[in-house]
Each structure stands twice: as C-alpha cells, then as structure tokens.
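# Structure assessment
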Amino acid sequence: MDAEVETRLTIHVKSPYIPLEIGISWHPLLNLPYIPATSLKGAARAYAEVNNIRPCGKAPEELFGKAGGAGLVELTDAYPVKCRDKLIEPDIINPHYREVEGAIGEADASPTPLLFPAVARGVVFRFFVAPRAEADGKCLTDVLDVIRGALAEGIGAKTRLGYGVLKL
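Keep in mind that this is a model prediction, so the values were computed, not measured.

## Regarding the packing of aromatic side chains
If you walk through the whole model with that rule in mind, you get one aromatic pair. Plain terms: the ring middles of Y34 and Y79 are 5.7 Å apart, the flat faces sit at 20 degrees to each other, and that makes the pair stacked. Of the two residues, Y34 is situated in the loop between strand 3 (32–33) and helix 1 (37–50) and Y79 in strand 5 (residues 79–82); the sequence distance between them amounts to 45 residues.

## Remarks on the sheet that holds strand 1 (residues 2–5)
Sheet strands associate in pairs through backbone hydrogen bonding, adopting either a parallel or an antiparallel arrangement. Across the sheet, four strands lie side by side as 5-8-1-10; this open sheet has antiparallel pairing. The sheet is open, and its two edges are formed by strand 5 and strand 10 (166–167), each paired on a single side. As judged from the three bridges shared by strand 1 and strand 8 (residues 124–126), these two strands associate in the antiparallel manner. Along strand 8, the bridge assignment pairs E4 with V124.

## With respect to the environment of L151
Tracing the backbone shows L151 in helix 3 (residues 140–153). Note: C-alpha distance between L151 and Y47 (104 residues apart in sequence) is 9.1 Å. Setting aside chain neighbours within four positions, we find L151 in contact with A3, L40, F127, G164, V165, L166 and L168.

## With respect to unusual backbone geometry
Notably, N31 is not glycine yet its phi reads approximately 55 degrees, a positive angle. With respect to the secondary-structure elements, N31 resides in the loop between strand 2 (26–27) and strand 3. Judged by relative accessible area, N31 falls into the exposed class, the value being 56%. The phi angle at K158 is positive, at roughly 65 degrees, despite the residue not being glycine. Judged by its relative accessible area of 25%, K158 falls in the partly exposed class.

Rules of the game
- Residues numbered from 1 in each chain as written.
- Predicted model: local features only at pLDDT ≥ 70, side-chain atom pairs only at ≥ 80, totals over all residues.
- Heavy atoms only, no water.
- Phe/Tyr/Trp six-rings, centres within 6.5 Å; stacked < 30°, edge-to-face > 60°.
- Helix = DSSP H or I, 4+ residues; strand = E, 2+ residues; numbered from the N terminus.
- Pairing = 2+ DSSP bridges.
- Contact = heavy atoms within 4.5 Å.
- Buried < 20%, exposed > 50% of the residue type's maximum accessible area, 1.4 Å probe, protein only.

Read these as spatial facts, not as claims about activity.
And the structure:
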C-alpha cells in the first residue's frame, strides 16, 4: 500500500539516531525516515477502539495485536518510495516558558526556538498488510478501511495540530 503525506509528519521524536532535542524516526541502516510498523498497527487499533469498529467481527487488539502480542494482521514498516520536492524539511516550535516549579511571570518568559526535522508533504510511504494464516482473507478490506481512517486522522506526534495526516 502507498500512503502520501498530506501534512508534515513527525514520528518518534525521541529517536536515538538523530542528535537533536527533537528528532524523527530514522532508520540507522537505510539512512532515511520511516514509519515503524508498531506505529501503524497502534494507530489502527486505537482508531478502531475509539470509533467502536470491529473489523471482521473481531476486537481491534485481536486483529492488530497489543504490547507483547501479535494480532491476526501483519503490517510492515513504511519506507519512502517517492517525493515531490524534498524528503525532509525543517520545522520549529518556539516555547516561551521553561518547565520550572512555580508560576513564571510574563516578563520572565523567554522564547527558545527548537528546530526539528519533519517529513515533507508529498512524500509517499509504502508498506504491506497481510493476514496471518489464522486470519480470514475476506475481511482484509475492512482492515484496510480502518487503516485508511487512522491515517486520515493522523499518525505520530502533534496530530492535534494537524501533523501526520496521510492518504492511501
């Protein structure tokens, strides 16, 4: 399946492979950003749970798994296969208040710009979805609808600010 990034994507911001305060999910061998399969499966499971969807008549955690357990549907990591202009672009957040105990007055506020990488709009990621041997192959379209809905809501960090929206 191919999924195109419609809004900037930032995922796994505490990546150990990026020496920045705010990073991105970066593959250490392929030297490019990627979306871990666990993030895809977790987003799909959460979308199904929140929207009370039971694809194939099964509980979301039965299909997509949970921490320490595999589900009936397997997803792979998603890797970029195409981009319009650029793969990564800089983004910035500018917190004005430090995290300290007690109240801080307006006069004590100090903007601290933090630059971080984000996957650019127009990048296309490819991943694969496959039922395990025990899964019924007919219900794959229901599973794909759940994945489509989860990606349309956003995946990764800052989704409430509009980041991480992908379209299948």
